[in-house]
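Each chain, letter by letter, is given below.
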Amino acid sequence: MPGKKKERQRLPPKQRLIYYGAGGGIAVALSWLFFESILMSGLLLPILVFLEGAAAEELRQRQKQKWEEDFGRYLAELDSYIRLGHSLESGMTEAIRKSGLLLSEDWMLKKLEMNVYATDIFRELAERRPTEGLKYFAAVIDSSLQSGSNLHELMSNHILQLQKKLQMEREIQSLLTKAKYESRMLTLFVPLLLLYLKGLSPNFRQIMYLTLSGKMVMAFCLGLYLLASYLCYSMTQIEL
């Protein structure tokens, strides 16, 4: 039986508008630099459609990392309520309402008001937010409550492990951000070089824009430039 085809990721409406607006502007600029024709930018627009999935994945990664950081702070807040003598369910409610964290998961408050067990809520949260750390935490909470383990000690150990994980991810992300910045500076070199030649060498325009051979060379150079830019982008996309 053939596997289910993976659905192509799409950006949310607001981000999609920004993405295509900025991408369209870049396409027009490249079209003018390489061909001195704004109309040629229409040939570059399909590339934006092709790359939207990569942009959506990058956005998903940033949102996932931010949510994990919020969840780590939420667990620290929850642990403080447990140390004050609150039950797990009561502490979960107070931590959400007073900390302002995980407000996007308002369904948790509704389930807590319906007296749903904390283990069931964390298990459902792990299904909605399928991260490795959350799945592990839900399983450990379930087993610890059944065995009567020290809940505060469990929370402290898990928070410590989560903080180490997030710190490692931040360090990796810092290195990736530096690599992305350097690669983007390199991709700016070719457009700046073309601007320099267009401004200081009138013969360049005559040869490269007004002759068939020149247009073919510029089309080939644009293809190499786009390929190099895509490879630079791909090499810095690492899922954490």
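Residues numbered from 1 in each chain as written. Predicted model: local features only at pLDDT ≥ 70, side-chain atom pairs only at ≥ 80, totals over all residues. Heavy atoms only, no water.

1. A closer look at the overall build of the protein
Then, number 1: Counting its secondary structure elements, the protein contains 10 helices and zero strands.
Then, number 2: Ordering the α and β elements of the protein from the N terminus gives α-α-α-α-α-α-α-α-α-α.
Then, number 3: Taking the principal axes of its C-alpha atoms as reference, the protein extends roughly 80 × 40 × 40 Å.
Then, number 4: Across the 240 residues that make up the protein, the buried fraction comes to 35%.
Then, number 5: Entry remark: accessible area of the protein is about 15500 Å², with carbon and sulfur atoms responsible for 63%.
Then, number 6: One way to put it: in the protein the 30 positive side-chain charges average out to a point 9 Å from where the 25 negative ones average out. (Helix = DSSP H or I, 4+ residues; strand = E, 2+ residues; numbered from the N terminus. Buried < 20%, exposed > 50% of the residue type's maximum accessible area, 1.4 Å probe, protein only. Areas by Shrake-Rupley, 256 points an atom, 1.4 Å probe, with all protein chains shown as cover. Lys, Arg positive; Asp, Glu negative; His and termini not counted. Charge placed at Lys NZ, Arg CZ, Asp CG, Glu CD.)

2. With respect to the packing of aromatic side chains
Then, number 1: Counted by the stated rule, this structure contains five aromatic pairs.
Then, number 2: Considering the side-chain rings of F34 and Y225, the 6.0 Å spacing of their centres and the 35° angle between planes classify their relative orientation as tilted. Residue F34 is located in helix α1 (residues 13–35), and its partner Y225 is located in helix α10 (residues 212–235); the two are separated by 191 residues in the primary sequence.
Then, number 3: Ring centres of F50 and Y230 lie 6.2 Å apart, and the angle between their planes is 50°; this geometry places the pair in the tilted category. Here F50, found in helix α2 (residues 45–83), pairs with Y230, found in helix α10; they are 180 residues apart in sequence, far enough to count as distant.
Then, number 4: Judged by relative accessible area, F50 falls into the exposed class, the value being 59%.
Then, number 5: Exposure remark for Y230: the relative accessible area of 36% places this residue in the partly exposed category.
Then, number 6: The side chain of R128 reaches across the aromatic face of W107, ending 4.1 Å from its centre. (Phe/Tyr/Trp six-rings, centres within 6.5 Å; stacked < 30°, edge-to-face > 60°. Lys NZ or Arg CZ within 6 Å of the ring centre and 35° of its normal.)

3. Quick word on the pattern of salt bridges
Then, number 1: One pass over the full model with this rule turns up 12 salt bridges.
Then, number 2: Here R60 makes a salt bridge to E57, at a shortest N to O gap of 2.6 Å. Here R60 and its partner E57 are both found in helix α2, three residues apart, which amounts to about one turn of the helix.
Then, number 3: According to the relative accessible area criterion, R60 is partly exposed, its value standing at 32%.
Then, number 4: Between E58 and R62 there is a salt bridge, and its shortest N-O distance comes to 3.8 Å. Of the two residues, E58 and R62 both sit in helix α2, four residues apart, roughly one turn of that helix.
Then, number 5: Given the relative accessible area of 16%, E58 is considered buried.
Then, number 6: One continuous salt-bridge network, built from bridges that share partners, spans R10, R16 and E52. (Salt bridge = Lys/Arg side-chain N within 4 Å of Asp/Glu carboxyl O.)

4. Here's the deal with helix α8 (residues 189–200)
Then, number 1: Under the 1.5 Å per step criterion, the end-to-end length of α8 is 16 Å for 12 residues, consistent within 8% with the ideal 16 Å.
Then, number 2: Burial in α8 covers these residues: P191, L194 and K198. Down the axis of α8, the smallest arc covering the buried residues is 60°, so these residues share one side. Exposed residues lying more than 90 degrees from the buried face of α8 are F189, L192, Y196, G199 and L200.
Then, number 3: Looking at the packing, one finds that the buried side of α8 touches α1, α7 (151–187), α9 (202–209) and α10. (Expected span 1.5 Å × (residues − 1). Arc of directions from axis to C-beta. Contact = heavy atoms within 4.5 Å.)

5. Thoughts on the environment of V28
Then, number 1: Along the chain, V28 turns up in helix α1.
Then, number 2: Owing to a relative accessible area of 31%, V28 belongs among the partly exposed residues under this scheme.
Then, number 3: Not counting the four nearest positions on each side in its chain, V28 is found in contact with I38 and S41.

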